[in-house]
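These are the residues of each chain, in order.
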Number of protein chains: 2
Amino acid sequence: MSKVKARKFLKGQFVVQQGDVCKTENFVLSGCLKTFHIDHEGQEHIVMLAIENWWTSDLGSYINQTPADFNVQCLENSEVAQILYEDLERLFVEIPKLERFFRIIIQKAFAAAQKRIVNNFSLPAKERYLKFREQYPQIEQRVPQYMIASYLGMTKEFLSKIRSQLIEEQ
Amino acid sequence: MSKVKARKFLKGQFVVQQGDVCKTENFVLSGCLKTFHIDHEGQEHIVMLAIENWWTSDLGSYINQTPADFNVQCLENSEVAQILYEDLERLFVEIPKLERFFRIIIQKAFAAAQKRIVNNFSLPAKERYLKFREQYPQIEQRVPQYMIASYLGMTKEFLSKIRSQLIEEQ
DNA sequence: CAATGATGTTAATCCAGATTAACTTCCTTT
DNA sequence: AAAGGAAGTTAATCTGGATTAACATCATTG
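Report follows, based on the coordinates. Remember, it's a predicted structure, so these values are computed and weren't measured experimentally. Sequence order as written defines residue numbering, which begins from 1 separately in each chain. All chains are assigned letters beginning at A, and all ligands numbers beginning at 1, according to the order in which they are written. Selection of residues for local features in this predicted model requires a pLDDT of at least 70, selection of side-chain atom pairs for listing and counting requires 80 or more, and totals for whole chains, interfaces and linings are taken over all residues. Each side-chain value is worked out from all heavy atoms of the structure, with water and hydrogens disregarded.

## Description of helix α7 (residues 156–169) of chain A
Residue and element names in this part refer to chain A.
- If you check α7, its first and last C-alpha atoms are 20 Å apart, about what 14 residues at 1.5 Å a residue would give, namely 20 Å.
- Among the residues of α7, those classed as buried are Leu 159, Ile 162 and Leu 166. Down the axis of α7, the smallest arc covering the buried residues is 55 degrees, so these residues share one side. Seen from the buried face of α7, the exposed residues on the opposite side, beyond 90 degrees, are Ile 167 and Glu 168. The numbering of helices and of strands both runs from the N terminus, where a helix is a DSSP run of H or I of at least 4 residues and a strand a run of E of at least 2. The span you would expect from a helix comes to 1.5 Å times its residue count less one. Partly exposed describes any residue whose relative accessible area lies between the buried limit of under 20% and the exposed limit of over 50%, with all areas from a 1.4 Å probe on protein chains only and scaled to the type maximum. Note that the arc is defined by the directions from the helix axis to the C-beta atoms.

In C-alpha cells form, the structure reads like this:
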C-alpha cells in the first residue's frame with residue numbers, strides 16, 4: 001500500500017490555506033504553484049514558485065502541525081504527489097536513505113534562502129530581476145509578471161519600468 | 001576516537017572565510033559569532049547571529065564543498081565544537097537518529113528563513129526591529145547595534161532613529 | 001592620562017521604489 | 001462581437017529609508 005497519493009488540482013485551487021494545518025508534503029508532478037502570505041493589509045507576498053519536480057508546502061506548519069502562515073495555490077491545472085506527515089516520518093524510520101534524500105534537499109533550500117535574504121538586502125531591484133531571469137528562465141515564461149514582482153519584493157509597476165528600461169538599453 | 005573537536009577562537013577570529021571552502025559544521029559551545037557577506041561595494045550584510053547552542057557555517061559551501069559566500073567571525077572569545085564534512089556524513093550513515101536530528105534542525109531553520117524573507121518584504125523597518133527584539137532579546141544585549149541594523153537590513157543611522165522614536169513614544 | 005579607535009546620535013539632503021490613477025491589451029465568456 | 005475581467009504600461013507624485021557629515025561617548029592601549 002503506497003503512502004504517496006497523486007492528486008489533481010484545477011487552476012486556482014488551494015493545496016494549503018493560511019490558518020489550516022499543512023498535512024502533506026507536496027511534490028509537483030505537473031503544473032505550477034505559488035506559495036504566498038497575505039499580510040494585515042491584505043497584500044500578497046510570494047515566497048516560492050514551484051514547477052515540476054519541486055517540493056512545496058508550508059514547512060513550518062507541516063513540521064509542527066500548527067496553522068499555516070502560507071497559502072499554496074495552483075497557477076495552472078496541476079498534479080501533485082502528496083504524502084502525509086505521519087506517513088513520511090514513518091518512512092524515514094524505515095528507510096534511512098529516504099531521510100538522507102530529504103535532508104539534502106532541505107539543506108540546499110536553506111542555503112538558497114540565506115543567499116536570497118542577502119541578495120534582497122544588497123542588490124537593487126533591477127539586479128534582483130536579472131538574477132532571477134537567469135536562474136529560473138522556465139518560471140519566468142509561465143508565471144504572470146506581477147507575481148514575479150511579488151516574489152522579488154517589488155511592485156508590478158516598478159518591474160514593468162525595469163523591463164522597459166532593459167529593452168531601451170540594448 | 002571522537003570526530004568532534006572543540007576549538008577556541010579569540011574575538012575577531014574567522015571560523016569561515018568568504019572564498020575558502022567551509023570544511024566544518026560548527027556548534028557554538030560559548031561565545032557569539034556573526035555570519036556575513038561582503039558585497040561588491042565592500043558592504044557587510046549579516047545573515048545570522050549565533051550564540052550558545054546554535055549551529056553555524058556556510059551551509060552552501062559545506063554541502064557542496066565549494067568556495068564560501070559568507071564569513072563566520074567571532075564577536076567574542078568563543079568555543080566551538082567542529083565536525084568535518086566527511087566525518088559527519090559518515091556518522092549519518094552509522095547513526096540514523098543523528099541524521100534525523102540534523103534534518104529537523106535544518107527544516108526549522110528553513111521555515112524560519114522563509115518567514116524572514118516575507119517579513120523583510122512586508123514589514124517596515126521599525127516593526128522588523130520590534131519583532132527581532134522580542135524574538136532574540138538575549139542577542140540584542142550582546143551584539144553592537146550597528147550589526148543588528150545590518151541583520152535587519154537597515155542602516156545603523158536609521159536603527160538609531162527608530163530607537164529614539166521608541167523612547168519618545170512611551 | 002592622552003590618544004586612538006570603535007560605537008552611537010542627530011540632522012540635512014537625497015533617491016529608489018511605492019502609490020495612485022488613467023489607460024491599453026488581450027483573453028474569456030456570453 | 002460586445003462586455004467584463006485579468007494582465008501590463010506609463011507617468012506624476014510621494015515617502016521610507018539611505019547617504020553624508022559632524023559630533024558625542026566610551027573603551028583600550030601606549
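## Some words on the protein's contact with DNA strand C
- The full set close to DNA strand C counts 13 residues, and Ala125(A), Thr155(A), Gln145(B), Tyr146(B) and Ser160(B) are the nearest of them.
- Here, proximity means that at least one heavy atom of the residue falls within 4 Å of the molecule or strand. In DNA strand C, atoms within 4 Å of the protein come 79% from sugar and phosphate.
- Polar contacts, as counted here, are pairs of nitrogen or oxygen atoms within 3.5 Å of one another; within protein the pair requires one atom able to donate a hydrogen and one able to accept it, and residues that are adjacent in sequence qualify only if both atoms are side-chain atoms. A distance of 3.0 Å separates a phosphate oxygen of DNA strand C from a polar atom in the backbone of Ala125(A).
- For DNA strand C, a phosphate oxygen lies 2.5 Å from a polar atom in the side chain of Tyr146(B).
- Looking at the surface near DNA strand C, the elements that each hand over two or more residues are α7 of chain A together with α6 (145–152) and α7 (156–169) of chain B.
- Gly is placed with the polar residues, together with every amino acid not listed as nonpolar (Ala, Val, Leu, Ile, Met, Phe, Trp, Tyr, Cys and Pro) or charged (Asp, Glu, Lys and Arg). Partitioning the surface near DNA strand C into residue classes produces six nonpolar, five polar and two charged.

## Details of the pairing of strand β7 (residues 71–74) of chain B
Residues and elements named next belong to chain B.
- Because side chains alternate across β7, one face comprises the buried residues Asn 71 and Gln 73, and the other comprises Val 72 and Cys 74, equally buried.
- The sheet contact formed by strand β2 (residues 14–16) and β7 spans two bridges and is antiparallel. Note on β7: the bridge partner recorded for Phe 14 is Gln 73.
- Think of it this way: DSSP has to see at least two bridges between two strands before they count as a pair. In terms of strand pairing, strand β4 (residues 33–38) meets β7 through four bridges, oriented antiparallel. Residue pairing across strands places Phe 36 opposite Asn 71, the latter belonging to β7.

These results come straight from atomic positions and should not be treated as a statement about function.
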